[in-house]
Amino acid sequence: MFENKKQEEVHLTDREKQVLKLIANEYTTQEIADELFLSKHTIESYRKNLISKLQVKNLAGLTKHAIKIGLLDS
């Protein structure tokens, strides 16, 4: 089984939250890069780091976390 780490303890930077919100809102990697004036490679790095940091398996897990912390409410 997976370790059950409390996700409340995970600190996300403002930029990580921006990227996470856009991922959860179904933006493509290129759309996120264009929106934030970053390279596609940088967004791919953020996505991989978020998956690792939040200990989720995929984009569905990232979206679930975004909902949990209220990023989609605003």
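Residues numbered from 1 in each chain as written. Predicted model: local features only at pLDDT ≥ 70, side-chain atom pairs only at ≥ 80, totals over all residues. Heavy atoms only, no water.

## Let's talk about the overall build of the protein chain
Logical step 1: When its secondary structure is counted, the protein chain shows four helices and zero strands.
Logical step 2: In sequence order, the secondary structure elements of the protein chain are arranged as α-α-α-α.
Logical step 3: On the protein chain, roughly 5,400 Å² of surface is accessible, and the fraction owed to carbon and sulfur atoms is 49%. (Helix = DSSP H or I, 4+ residues; strand = E, 2+ residues; numbered from the N terminus. Areas by Shrake-Rupley, 256 points an atom, 1.4 Å probe, with all protein chains shown as cover.)

## Structural notes on helix α3 (residues 40-54)
Logical step 1: In this model α3 runs 21 Å from its N-terminal to its C-terminal C-alpha over 15 residues, within 8% of the 21 Å that 1.5 Å per residue would give.
Logical step 2: Where α3 is concerned, the buried positions are Ile43, Leu50, Ile51 and Leu54. The buried residues of α3 occupy an angular sector of 100° when projected down its axis, which confines them to one face. In α3, the exposed residues that point more than 90 degrees away from the buried face are His41, Lys48 and Ser52. (Expected span 1.5 Å × (residues − 1). Buried < 20%, exposed > 50% of the residue type's maximum accessible area, 1.4 Å probe, protein only. Arc of directions from axis to C-beta.)

## Overview of the nonpolar core
Logical step 1: If you look at the biggest cluster of nonpolar residues, it comprises 18 residues, and the most contacted ones within it are Leu20, Leu50, Leu54 and Leu62.
Logical step 2: If you tally residues by element for this core, the top one is helix α1 (residues 14-24), at five residues.
Logical step 3: For Leu50, the contacting residues outside a window of four places in its chain are Leu12, Glu16, Val19, Leu20, Gln55 and Leu62. (Core = buried A, V, L, I, M, F, W, Y, C linked by side-chain atoms within 4.5 Å. Contact = heavy atoms within 4.5 Å.)

## Describing the environment of His11
Logical step 1: Relative to the helices and strands, His11 resides in the segment before α1.
Logical step 2: As a C-alpha pair, His11 and Lys53 span 42 residues in sequence and 8.9 Å in three-dimensional space.
Logical step 3: Contacts of His11, omitting those with residues within four sequence positions, involve Glu16 and Lys53.

## Comments concerning the packing of α1 against α3
Logical step 1: Between α1 and α3, whose axes approach to 10 Å, the crossing angle comes to 95°. Looking at the two axes, α1 sits roughly perpendicular to α3. Of the residues in α3, those in contact with Arg15, Glu16, Val19, Leu20 and Ile23 of α1 are Ile43, Tyr46, Arg47, Leu50, Lys53 and Leu54.
Logical step 2: Considered class by class, the residues forming the contact of α1 with α3 number seven nonpolar, no polar and four charged. (Axes fitted to C-alpha atoms, helices over the stretch in contact; angles between N-to-C directions. Parallel < 35°, antiparallel > 145°, perpendicular 65-115°, else oblique. Nonpolar A, V, L, I, M, F, W, Y, C, P; charged D, E, K, R; others polar.)

## Here we look at the pattern of salt bridges
Logical step 1: Inspection of the entire model under this criterion finds one salt bridge.
Logical step 2: With its nearest N and O atoms 2.8 Å apart, the salt bridge here joins Glu16 to Lys53. Here Lys53 lies in helix α3 and Glu16 lies in helix α1, a separation of 37 residues in the sequence. (Salt bridge = Lys/Arg side-chain N within 4 Å of Asp/Glu carboxyl O.)

## Quick look at the confidence of the model for the protein chain
Detailed conclusions should not be drawn from predicted coordinates in areas where pLDDT is low.
Logical step 1: The predicted model of the protein chain has a mean per-residue pLDDT of 89, with 88% of residues at 70 or higher.
Logical step 2: Confidence, read as mean pLDDT per element, is least for helix α4 (residues 59-68) in the protein chain (94) and greatest for helix α2 (residues 29-36) (98). (pLDDT = per-residue confidence, 0-100.)

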